[in-house]
Amino acid sequence: MGASGLALRGLYRVLRANVLSFVGFVLVVAIVLVALLVTLAPHLLVPYGSTQETGAYSAPPSLAHWPPSYAHPFGTDGASLDLYSEILLALPLDLGIALLIAGVALVGGGILGLVAGFYDRPGTIGGWTSAVILRTTDVFLAFPSLLLGLAIVAALGPGLWQVMLAVLVTWWPYYVRLVRGEVLAVKHLPYVTAARAAGVPERRILVRHVLRNILDPIVVYFTLDVGTVLVTFSTIAFVIPGVVSYPRPPEWGSMLSFFNLNYPISQYWWEVAFPSAAIFVTALAFSLLGDGLRDVLDPRTRRALVESVAAPRSGTEGPEEGGTSVPNTTPTMDRSEGP
Amino acid sequence: MSEPILSVEHLSVDYRAPSGTVRAVDDVSLTIPSGRVVGIVGETGCGKSTLAQAIPRLLPEPPARIAGGKIVFRGTDLVGLPARRLPLVRGTGIGMIFQEPLNSLNPAVRVYDQIAEAVLIRRWREAGVLPSFRGGAEPFDYSHRPLPEPSAVLSRPITPGASAMESARRRLPGRRDVREEVLEFLRLVRIQDPETILDRYPHELSGGMRQRIMIAMALSERPSLLIADEPTSALDVTIQAQVLTLMKELIDEVQASILFISHDFGVIAEIADDLGVMYAGRLVELGPVAEVFRSPRHPYTKHLLRAIPERYKSDGPLAAIPGAVPNLAHPPPGCRFHPRCTMAQAVCRTDPAPAFRPVAAPASGGAHSSACHFAEEVATLP
């Protein structure tokens, strides 16, 4: 389709115009590719494979806590596992968890937010539904999300799915609020009235005239959010030792937790530095990409940016001014920070 | 004499605010006969836009509320219609052109898709894919069209000699020939090379262009009644003249019934057949344009007409009406114009307000009505 092709070209041009978002874009693409490769063909990337290597647990203690070397670029841990392999093996899981939680929160919370924002006429069925949705989100938003998540994990008991559920439960209300706010800002604009005057059915107005105009800030927020989910999930896995059983499945937060509990960090710095760096780089990549997307998704800034890039460049190779001059329009919400 | 397309009977619209209820439209009655253009003039805040939006029931309710009266559109009272059925009347029944072409087009949708949506809604309704007023229990039988269909003339100037097969094919739902129809409507509103703007977003077009697209959208649903709510007010004077010329030509071509809201007597004089004058929520005078201009029957109309700047007049200040528009939250008793009226007498200050009554049946056809106790004496006003 020509339109999507144009959008992709526009995406590339705009991202190229802003060095930071370009870095974010490249990182996200690389991370996703690596995650796919690790899942589909681990032997290509992972030097010390996982599944057939159950014997690794009984590896001689002499292999434990090796500092980074040629054979083990990130060193080895106390269980004699190669950290480089472990971090790579954990990538699909951590990335998948982040995308899944943010995605379910986006779709679920988004639908609730659309309903709560659009059908809010008091005294109607929609008005009541809207009130119930909003008061429920208020209850969830009253607690700091990390604390609530920890409490839920404590109640549900250890396990990967329990932690995911806990994060999800604390996560969806933000999307309800975000989407509802955007709907309220848009639903009384003249073009929505004009669509109504043209006889467009209400549901079609909601999707085509309201949702379509609020999609951009939501997509941007989602992209930024993937990193935040990752950090929150890792934080819970870090704070509650053993909530995700170490070392299988491999997970960055539980790696940190394991080392933190059992060994002096100053002595084996690589065992903390590399998993932390993995979390940091992944979260940062999505953050940078989100900022870049904000510029791309607004047709006005997109055209301006594409033109500014298409214009003959002056001798310097510095970033184009247009890429960074767009004001921050995405609502941000306070979230507790990671480890 | 066929039944009028629209008859508004004693319509009142309230706005509820925390500070109290404001009656923005008070006891307004008017009819729009088939194929006639009715213009409404009035000052800012006199309720003319509220009236325009109340007719297709577009006002957000609450805060607005229809306090009384009837809006009879092709035999159906829209006031009594449940909210879920209202969309069926809009678009193909009552089309609308808005005041703000800058904001009335969806910024995320390309020009082609905006107009195609309108075209498709009409086609789907005609083909029965989308519900419309159809069937015995329905208030309006769309299929058998009891009234002469003035908007059927719409496509004539641009599709000369379209065969019966062609028009039958057009009625089929589908996207196949939507593009051609969209282009036709863009040409109808005098856009040269319409192909070049199909892929544009609204913000890439000028204000005049956007208003033309709005007009094309409204016309492409072939409405029985078109409501134009100050379509030229937001445009600058040159573009205003262009759009006005366009609308005048279109009115001749389309032969639609139109309710044209404006604050500009010149615009109304150019376009309308009948002229209504609103003041502080009330319709104070209604009659054929020439008749109202020649012999106004309400002092307010007379004063307004006198306040129109004459082109070559250079001596002295412009004529103005003394006083200010009343606050609609606390309107004066009796005739609302009496505090500013030079003819006011004791009877004007007492309730009830002067009735809206026919004052003369001029030869040109159509009654001339006024809401003034002294309608007959207005002519003597200096």
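Okay, the overall build of chain B next. Looking only at helices and strands, one finds ten helices and twelve strands in chain B. Taking all 382 residues of chain B together, 46% fall into the buried category. Taking as baseline every contact in chain B between residues at least 6 positions apart, the subset at least 24 positions apart corresponds to 68%.

Residue and element names in this part refer to chain B. Sheet architecture is open: four strands sit in the order β2-β1-β4-β5, paired in antiparallel fashion. Strands at the two margins of the open sheet, each flanked by one partner only, are β2 (20–32) and β5 (76–77). Relative to β5, strand β4 (residues 64–73) is paired through two bridges, and the arrangement is antiparallel. Bridged to Val72 within β5 is Asp77.

Before going further, it helps to spend a moment on the confidence of the model for chain B. Close inspection of predicted coordinates is inappropriate in any region flagged by low pLDDT. Predicted confidence across chain B gives a mean pLDDT of 75, with 81% of residues reaching 70 or more. Among the prediction metrics, the complex's ipTM stands at 0.77, with pTM recorded as 0.76.

Looking now at the pairing of strand β9 (residues 274–279) of chain B. All names here are of chain B. Counted residue by residue, β9 has six buried out of six residues, so it is predominantly covered. Taking every second residue as pointing to the same face, both faces of β9 are buried, with Asp274, Gly276 and Met278 on one and Leu275, Val277 and Tyr279 on the other. Pairing of strand β3 (residues 37–41) with β9 involves four bridges; the strand directions are parallel. Paired with Ile40 across the two strands is Gly276, which belongs to β9. As paired strands, β9 and strand β10 (residues 282–288) are joined by six bridges and run antiparallel to one another. In the strand pairing of β10, Gly276 is matched with Leu286. In textbook terms, the turn of a hairpin is the stretch between consecutive antiparallel strands, and for β9 and β10 this stretch comprises two residues, one of which, Ala280, has a positive phi near 50 degrees.

Residues and elements named next belong to chain B. Under the domain assignment, chain B is made up of domain 1 (6–272) and domain 2 (285–380). Secondary-structure elements contributing two or more residues to the side of domain 1 that touches domain 2 are β2 and α8 (265–271). Grouping the amino acids of the side of domain 1 that touches domain 2 by side-chain chemistry returns seven nonpolar, four polar and two charged.

What follows concerns the nonpolar core. Within the largest apolar cluster, 178 residues are counted, with the highest numbers of intra-cluster contacts made by Val163(A), Ile115(B), Ala216(B) and Leu259(B). Sorting elements by how many residues they give to this core places helix α4 (residues 83–118) of chain A first, with 18 residues. Apart from the residues lying within four places of it in its own chain, the contact partners of Val163(A) are Val153(A), Phe233(A), Ile236(A), Ala237(A), Val243(A) and Val244(A).

A separate point is helix α7 (residues 160–186) of chain A. Its 27 residues place the ends of α7(A) 39 Å apart at the C-alpha level, agreeing with the 39 Å of an ideal helix rising 1.5 Å per residue. Val169(A) marks the point of greatest bend in α7(A), at about 25 degrees, and the proline Pro173(A) comes within the next four residues.

With that settled, consider the interface of chain B and chain A. Facing the 22 residues of chain B at the interface are 18 residues of chain A. Looking at which element gives the most residues to the side of chain B that touches chain A, the answer is helix α3 (residues 111–127) of chain B, with three residues. Residues that form the side of chain B that touches chain A fall into these classes: twelve nonpolar, six polar and four charged.

Residue and element names in this part refer to chain A. Domain boundaries assigned for chain A yield domain 1 (6–46 + 284–308 + 321–327) and domain 2 (96–262). Taken together, the contact pairs nine residues of domain 1 with seven residues of domain 2. When grouped by side-chain class, the residues that make up the side of domain 1 that touches domain 2 number five nonpolar, two polar and two charged.

Glycine aside, a negative phi is what most residues show, and trans is what most peptide bonds show. Residue and element names in this part refer to chain B. A positive phi angle, near 55 degrees, is found at Asp27, a position not held by glycine. Mapped onto the elements, Asp27 comes out in strand β2. For Arg57, which is not glycine, the phi torsion reads 55 degrees and is therefore positive. Along the polypeptide, Arg57 turns up in the loop between α1 (48–54) and β4. A count of 20 C-beta atoms within 10 Å places Arg57 in the buried class.

So, about helix α10 (residues 299–306) of chain B. Taken residue by residue, α10(B) has Pro299(B), Tyr300(B), Thr301(B), Lys302(B) and Leu304(B) as its buried positions. Those residues of α10(B) that are buried are in contact with β9, β10 and α9 (289–294) of chain B.

We now examine the environment of Arg297(B). Residue and element names in this part refer to chain B. Along the chain, the position of Arg297 falls in the loop between α9 and α10. Using a count of 28 C-beta atoms within 10 Å as the deciding quantity, one classes Arg297 as buried. Between the alpha carbons of Arg297 and Cys372 there is a distance of 7.7 Å; along the sequence they are 75 residues apart. Beyond its immediate chain neighbours, meaning those up to four positions away, Arg297 contacts Glu285, Val359, His368, Ser370, Cys372, Ala375 and Val378.

Definitions and cut-offs
- Residues numbered from 1 in each chain as written.
- Chains lettered and ligands numbered in written order.
- Predicted model: local features only at pLDDT ≥ 70, side-chain atom pairs only at ≥ 80, totals over all residues.
- Helix = DSSP H or I, 4+ residues; strand = E, 2+ residues; numbered from the N terminus.
- Buried ≥ 20, exposed ≤ 12 C-beta atoms within 10 Å, placed from the backbone.
- Contact = placed C-beta atoms within 7 Å.
- Pairing = 2+ DSSP bridges.
- pLDDT = per-residue confidence, 0-100.
- Domains from an automatic or database assignment.
- Nonpolar A, V, L, I, M, F, W, Y, C, P; charged D, E, K, R; others polar.
- Core = buried A, V, L, I, M, F, W, Y, C linked by C-beta atoms within 7 Å.
- Expected span 1.5 Å × (residues − 1).
- Bend = angle between axes of the 7 residues up to and from the residue.

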